[in-house]
Amino acid sequence: MNLPPFRKSYGGRVVLDFPGGELPGDGVCAVIGTNGSGKSTLARLAAGVLEPDRGCPGWPGRPRVGYLPQHSYPFQMSVRANVLLNAAGRGRKEARERADALLDRLGILALADKPAHHLSGGETARMALARLLMRDYGLLVLDEPTAAMDIRSTALAEELVGGYQARTGCAVLWITHSLKQARRTARAVFFLQEGQLAEQGPAETLLTAPRTEALRRFLDFYAL
Amino acid sequence: MVTALEQAVALVLSGDGLLLNIISVTLRMSIPSSVISLLLGVPLGTLLAFCAFRGRGALVVVNRTLMGLPPVVCGLLCYMLFSGVGPFRHFRLMYTIPLMIIAQVILITPIVIGSMESFAQRIAPAVRETARGLGLSRRRAFLLLVNESRYQIFSAYLLAFSRAIAEVGAVSMVGGAIAYKTNVMTTAIMNYTNMGNFTLGVALGLILLAMSLVLNLAVSLLQGRLSR
Ligand SMILES: Nc1ncnc2c1ncn2[C@@H]1O[C@H](COP(=O)(O)OP(=O)(O)OP(=O)(O)O)[C@@H](O)[C@H]1O
Ligand SMILES: [Mg+2]
């Protein structure tokens with residue numbers, strides 16, 4: 001699947017100038033880069049929730065997109081009701097079974113009847129992921145889905161998204177600050193720097209043999 | 001002062017006919033006007049927060065201006081529209097409760113809109129982004145925002161009702177404060193004070209305060225129970 005070029009500026013300052021890029025059809029594409037490098041902006045544009053400099057939100061030929069914002073909103077209802085918001089035409093019983101299965105796989109089934117706005121940060125993040133994965137999308141855009149999660153929950157989330165991807169064959173754009181996570185999950189990597197796509201390529205080569213000075217310095221920080 | 005208070009309490013306890021009528025007129029005016037304002041203001045205010053269009057900021061400013069509309073100006077407007085020379089004179093609403101309600105709705109709806117908008121506007125971007133990220137329709141996203149703002153509706157109603165029972169300028173202009181017809185508690189307090197009859201004024205003042213207290217208590221109890 002091909003992402004088209006995106007350009008976004010705020011008050012004359014260009015925060016993203018993305019030339020377009022290919023997402024592997026059989027795996028995850030990780031997006032890495034420093035704070036403010038434009039990762040969330042790329043996610044919003046790819047998800048079609050942000051208006052680019054020219055044209056309307058969205059892009060031609062895009063599949064049904066499921067987007068997990070960096071700060072997904074817990075609605076003031078139970079955790080299960082939150083997840084069931086995304087039941088999309090399923091029968092009641094089937095939707096509930098699927099919701100509970102997803103909550104179980106993320107280890108928060110015991111919290112299903114709790115009000116969602118009383119959850120901790122990592123619990124909220126797990127609920128938000130379960131809510132998103134209720135439906136089958138052609139493209140998943142995940143903006144730091146595990147940033148608030150502990151190691152165990154992160155592993156559960158990676159496993160769940162991996163299984164979802166294998167089952168649906170969707171493309172996944174996964175933003176992360178964890179190089180280890182990128183190594184574990186991604187086939188391809190986009191490296192953003194100051195709104196530019198500074199480097200892109202297969203995960204093995206890009207993360208071990210950077211071609212640009214910028215990426216080399218970025219990777220060096222993680223080695224410290 | 002103390003004797004006025006004693007007499008006032010005695011008057012309330014005696015169930016004086018004039019007093020009861022004034023209270024009844026007040027409620028027949030305040031409840032419909034606050035409820036209508038709420039029914040108009042909640043969807044409008046939430047919609048104003050929900051929609052991210054270019055003129056939004058301008059509309060918010062217009063609404064804030066209307067929130068500060070002096071009641072006598074609203075009274076004047078209704079007077080000009082509905083009195084003997086106005087375009088709506090054949091409705092024959094001058095000096096009736098329905099016209100007082102119309103004037104109140106004009107005054108109070110912007111306050112409800114403002115109260116809902118300023119609350120919902122803080123969570124609207126996150127609600128919209130989350131709902132659109134899931135692929136929910138705009139209508140569902142809006143209904144979710146209303147649902148998230150549900151406790152604010154209580155506060156908005158409190159504001160609306162308190163404003164409705166406390167207002168004098170507009171209702172005295174279009175209602176005329178006619179005894180046993182359009183005289184409400186505030187206009188009655190003014191009239192009786194001008195006549196030197198403090199007892200009735202103090203009695204009415206006490207009842208107004210008590211009504212406000214009871215309503216506020218009820219709402220905060222309800223809010224506390226529901227949001228738990
Ligand atoms: N609504 C906005 N108005 C003005 N500037 C914005 C807006 N949204 C983002 N920016 C700017 O755009 C740049 C890129 O932001 P973005 O959220 O895409 O960064 P990011 O790579 O996701 O960072 P992080 O790792 O902190 O999440 C930042 O410098 C930010 O200040
Ligand atoms: Mg970000």
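Calculation notes
Residues numbered from 1 in each chain as written. Chains lettered and ligands numbered in written order. Predicted model: local features only at pLDDT ≥ 70, side-chain atom pairs only at ≥ 80, totals over all residues. Heavy atoms only, no water. Helix = DSSP H or I, 4+ residues; strand = E, 2+ residues; numbered from the N terminus. Rg over C-alpha atoms; globule rule 2.2 N^0.38 Å. Buried < 20%, exposed > 50% of the residue type's maximum accessible area, 1.4 Å probe, protein only. Contact = heavy atoms within 4.5 Å. Lys, Arg positive; Asp, Glu negative; His and termini not counted. Charge placed at Lys NZ, Arg CZ, Asp CG, Glu CD. Near = heavy atom within 4 Å. Polar contact = N/O pair within 3.5 Å; in protein donor to acceptor, adjacent residues only side chain to side chain. Areas by Shrake-Rupley, 256 points an atom, 1.4 Å probe, with all protein chains shown as cover. Nonpolar A, V, L, I, M, F, W, Y, C, P; charged D, E, K, R; others polar. Donors = N, O, S within 2.8 Å, 3.2 Å for Na, K, Ca; no water. Pairing = 2+ DSSP bridges. Expected span 1.5 Å × (residues − 1). Arc of directions from axis to C-beta.

> Give me the overall build of chain A: which residues, what numbers.
When you go through chain A residue by residue, the secondary structure sums to eight helices and 10 strands. Taken over the C-alpha trace, chain A has a radius of gyration of 18 Å; the compact-globule value for 224 residues is 17 Å, and the two agree within 12%. The principal-axis extent of the C-alpha atoms belonging to chain A is close to 50 × 40 × 30 Å. Taken across its 224 residues, chain A has 54% of its residues classed as buried. Expressed as a percentage of contacts within chain A between residues at least 6 apart in sequence, the contacts between residues at least 24 apart total 68%. Of the side-chain charges in chain A, 28 are positive and 22 negative, and the distance between the mean point of each set is 4 Å.

> Describe in detail the site of ligand 1, supporting the description with residues and values.
Residue and element names in this part refer to chain A. Taken together, the neighbourhood of ligand 1 is formed by 14 residues, with Asn35, Gly36, Lys39, Ser40 and Thr41 sitting nearest. Contacts to ligand 1 include Thr41, whose side-chain N or O atom sits 2.6 Å from an oxygen atom. One of the side-chain N or O atoms of His177 is found 2.9 Å from an oxygen atom in ligand 1. Bound to the protein, ligand 1 loses 66% of the 640 Å² it would expose on its own. Of all the secondary-structure elements, those providing two or more residues to the shell around ligand 1 are β3 (13-18) and α1 (39-47). Per-element tally for the shell around ligand 1: the top contributor is α1, with three residues. Its residues assigned to classes, the shell around ligand 1 comprises two nonpolar, nine polar and three charged.

> Describe the environment of Glu167(B), with residues and values.
Residue and element names in this part refer to chain B. With respect to the helices and strands, Glu167 occurs in the loop between α7 (150-166) and α8 (169-175). Counting along the chain gives 165 residues from Glu167 to Val2, while the straight-line C-alpha distance between them is 27 Å. Non-local contacts of Glu167, meaning those with residues more than four positions away in its chain, are made with Pro71, Gln104, Leu107 and Thr186. Within polar-contact distance, the side chain of Glu167 engages the backbone nitrogen of Gly169 at 3.0 Å. Here Val171 takes part through its backbone nitrogen, which lies 3.3 Å from a polar atom of the side chain of Glu167.

> So, the coordination of the magnesium ion (ligand 2): which residues are in play, and what are the values?
Residue and element names in this part refer to chain A. Coordination of the magnesium ion (ligand 2) by the protein is provided by Ser40 (OG) and Gln70 (OE1), with metal-donor distances spanning 2.0 to 2.3 Å. Remark: Gln70 occurs in the loop between β6 (65-68) and α2 (79-84) and Ser40 occurs in helix α1; sequence separation between them is 30 residues. What makes Ser40 buried here is its relative accessible area of 16%.

> Which residues make up the side chain of Thr199(B), and what values go with them?
Within the secondary structure layout, Thr199(B) lies in helix α10 (residues 198-226). If we ignore the near neighbours within four places in the chain, the residues touching Thr199(B) are Ala4(B), Gln7(B) and Ala8(B).

> I'd like a rundown of the pairing of strand β5 (residues 28-32) of chain A, residues and numbers included.
Residue and element names in this part refer to chain A. The element β5 is largely enclosed, with a buried count of five among its five residues. The alternating pattern of β5 places Val28, Ala30 and Ile32 and Cys29 and Val31 on opposite faces, both of which are buried. Two elements, β5 and strand β8 (residues 171-175), share four bridges in a ladder whose sense is parallel. Residue pairing across strands places Val28 opposite Val172, the latter belonging to β8. For β5 and strand β9 (residues 186-193), the ladder comprises five bridges, and the chain directions are parallel. Each bridged residue has a counterpart across the sheet, and for Ala30 the counterpart in β9 is Val189.

> Tell me about the pairing of β3(A), residues and numbers included.
Residue and element names in this part refer to chain A. Note: strand β2 (residues 6-10) against β3, five bridges, orientation antiparallel. Along β3, the bridge assignment pairs Lys8 with Leu16. Turn length for the β2-β3 hairpin, with the two strands adjacent in sequence and antiparallel, is two residues, and the turn residue Gly11 shows positive phi of about 55 degrees.

> Which residues make up helix α3 (residues 56-67) of chain B, and what values do they have?
Residues and elements named next belong to chain B. In this model, α3 (12 residues) spans 16 Å end to end at C-alpha, consistent with the 16 Å of a helix rising 1.5 Å per residue. For α3, the full list of buried residues reads Arg56, Val60 and Asn63. Seen along its axis, α3 keeps its buried residues to an arc of 65 degrees; they face one direction. On its buried face, α3 is in contact with α2 (17-50) and α5 (97-134).

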